[in-house]
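Chain residues, written in single-letter form:
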Amino acid sequence: MRADKRMNCPDCRQRLEQFVDRELDDDDLRHLEQHLSACRDCADEYQWHASLKRLVRVSCGEGEAPAQLRERLLQILS
Amino acid sequence: MAEAPNESKGAADFASEAISYLDTLYRGALRLTRDPAQAEDLVQDTYVRALRYQHSYRIGTNMKAWLFAIMRNLFWDRFKGRRGENVSLDGDGEFGLYDTLKDETAKPESEVLDSLAASEVVRAVEQLAELHREVVLLVDVEGFSYKDAAEVMGVPIGTVMSRLHRARQALQKSLWEYAQESGIVHGESG
């Protein structure tokens, strides 16, 4: 299968971060997805960026505020 | 004079929604300050200021982004003495861990990521320059759109994108160095 003619590898790589961040417009999104479905190298790099973003979100997105802080804030807000 | 019922309900709704973001604000404060006591102070100051300026919050808009913007500005004003506009981000250079791994190791790239402990990723994020750290925090951890992150940081969307790109490169460089030091991969840092 050939890669989509409307997006080559450099164009794809340039947009991969926006793709991972769900920031591409509909046209770029369609062209990039077509390219990824036909290009193993770019698809591998996409998986890499997506995995790294997920790793950061999971690693840094855990933990709760201390109970005493919550109590103080509830008093302030009441 | 007694508070009107609708005002009282509005205040209660505001408080209820605001407190629902406590955990995420605290995690953000912890990443920014890297100190639990300072993080608590920063979050408490954020809520005090939010309460004081709650009239400026428009109901139905993004309260999480509004609270993060307050916290971000307090962080720069109180802990850093500036808003971060003139902080240098030079010296990070271009670094792509994916390409480095492809070139220098026999281990599949995804295996290297799987080998990294969450605590090491947190450490790498906390070692980023403040402006890099906050954009990673907003976009990667909290899932803000570029537009919302730009509003929180008070910069154009293009600046968010460029800072994010450089932040991710710096993060990859730090993780690569850790992977080498810990023997997960063998190779020369680029």
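All figures in this text were calculated on a predicted structure; none of them were measured in a lab. (Residues numbered from 1 in each chain as written. Chains lettered and ligands numbered in written order. Predicted model: local features only at pLDDT ≥ 70, side-chain atom pairs only at ≥ 80, totals over all residues.)

Quick notes on the overall build of chain A
For step 1, the next point in the chain: Broken down by element type, chain A carries 4 helices and 0 strands.
For step 2, the next point in the chain: Seen in sequence order, chain A has helices and strands lined up from the N terminus as α-α-α-α.
For step 3, the next point in the chain: Relative to the 2.2 N^0.38 estimate, which gives 12 Å for 78 residues, the radius of gyration of chain A is 20 Å and therefore markedly larger than a compact globule would have.
For step 4, the next point in the chain: For chain A, the spread of C-alpha atoms along the three principal axes comes to 60 × 20 × 15 Å.
For step 5, the next point in the chain: Within chain A, the fraction of its 78 residues that count as buried is 23%.
For step 6, the next point in the chain: Relative to all contacts within chain A whose residues are 6 or more apart in sequence, the contacts with residues 24 or more apart total 70%. (Helix = DSSP H or I, 4+ residues; strand = E, 2+ residues; numbered from the N terminus. Rg over C-alpha atoms; globule rule 2.2 N^0.38 Å. Buried ≥ 20, exposed ≤ 12 C-beta atoms within 10 Å, placed from the backbone. Contact = placed C-beta atoms within 7 Å.)

So, the domain arrangement of chain B
All names here are of chain B.
For step 1, the next point in the chain: For chain B, the assigned domains read domain 1 (5-80) and domain 2 (97-181).
For step 2, the next point in the chain: Each partner contributes to the interface: domain 1 provides 11 residues, whereas domain 2 provides 13 residues.
For step 3, the next point in the chain: Elements supplying a minimum of two residues to the side of domain 1 that touches domain 2: helix H2 (22-33) and helix H4 (63-80).
For step 4, the next point in the chain: A total of 5 residues in the side of domain 1 that touches domain 2 trace back to one element, the largest contributor, which is H4. (Domains from an automatic or database assignment.)

Things to note about the nonpolar core
For step 1, the next point in the chain: If you look at the biggest cluster of nonpolar residues, it comprises 53 residues, and the most contacted ones within it are Ala29, Leu67, Val135, Val136 and Ala149 of chain B.
For step 2, the next point in the chain: There are two domains that each give this core at least three residues, and those are domain 1 (5-80) and domain 2 (97-181) of chain B.
For step 3, the next point in the chain: With residues up to four places along the chain from it excluded, the contact list for alanine 29 of chain B reads Ala39, Leu42, Val43 and Met71 of chain B.
For step 4, the next point in the chain: Within the second largest apolar cluster, 7 residues are counted, among which are Cys12, Cys39, Cys42 and Tyr46 of chain A. (Core = buried A, V, L, I, M, F, W, Y, C linked by C-beta atoms within 7 Å.)

Focus: the interface of chain B and chain A
For step 1, the next point in the chain: Across the boundary between the two partners, chain B contributes 31 residues, which contact 28 residues of chain A.
For step 2, the next point in the chain: Those elements that provide at least two residues to the side of chain B that touches chain A are helix H1 (5-19), H2, helix H3 (36-52), helix H6 (109-114), helix H7 (118-126), helix H8 (130-141) and helix H10 (157-181) of chain B.
For step 3, the next point in the chain: By residue number, the principal contributor to the side of chain B that touches chain A is H3 of chain B, which donates 6 residues.
For step 4, the next point in the chain: Broken down by class, the residue content of the side of chain B that touches chain A amounts to 21 nonpolar, 4 polar and 6 charged. (Nonpolar A, V, L, I, M, F, W, Y, C, P; charged D, E, K, R; others polar.)

A look at the environment of arginine 72 of chain A
Residue and element names in this part refer to chain A.
For step 1, the next point in the chain: Within the secondary structure, arginine 72 sits in helix H4 (residues 67-77).
For step 2, the next point in the chain: Given 15 C-beta atoms within a 10 Å radius, arginine 72 is considered partly exposed.
For step 3, the next point in the chain: For the pair formed by arginine 72 and aspartate 41, sequence separation is 31 residues and the distance between their alpha carbons is 52 Å.

Describing the packing of helix H3 (residues 40-60) of chain A against H8 of chain B
For step 1, the next point in the chain: Two numbers describe how H3 of chain A lies on H8 of chain B: the axes approach to 9 Å, and their chain directions differ by 100°. When the interaxial angle is binned, H3 of chain A and H8 of chain B end up roughly perpendicular. Contacts from Lys53, Val56, Arg57 and Cys60 of chain A in H3 of chain A reach Val136, Asp140 and Val141 of chain B in H8 of chain B.
For step 2, the next point in the chain: Per-class residue counts for the contact of H3 of chain A with H8 of chain B are 4 nonpolar, no polar and 3 charged. (Axes fitted to C-alpha atoms, helices over the stretch in contact; angles between N-to-C directions. Parallel < 35°, antiparallel > 145°, perpendicular 65-115°, else oblique.)

Let's talk about the packing of helix H9 (residues 146-153) of chain B against H10 of chain B
All names here are of chain B.
For step 1, the next point in the chain: The geometry of H9 relative to H10 is characterised by a closest axis approach of 8 Å and an angle of 100° between their N-to-C directions. Taken as axis vectors, H9 and H10 run roughly perpendicular relative to one another. Across the interface between the two elements, Tyr146, Lys147, Ala149, Ala150 and Met153 from H9 touch Ile157, Val160 and Met161 from H10.
For step 2, the next point in the chain: Counted by class, the contact of H9 with H10 contains 7 nonpolar, no polar and 1 charged residues.

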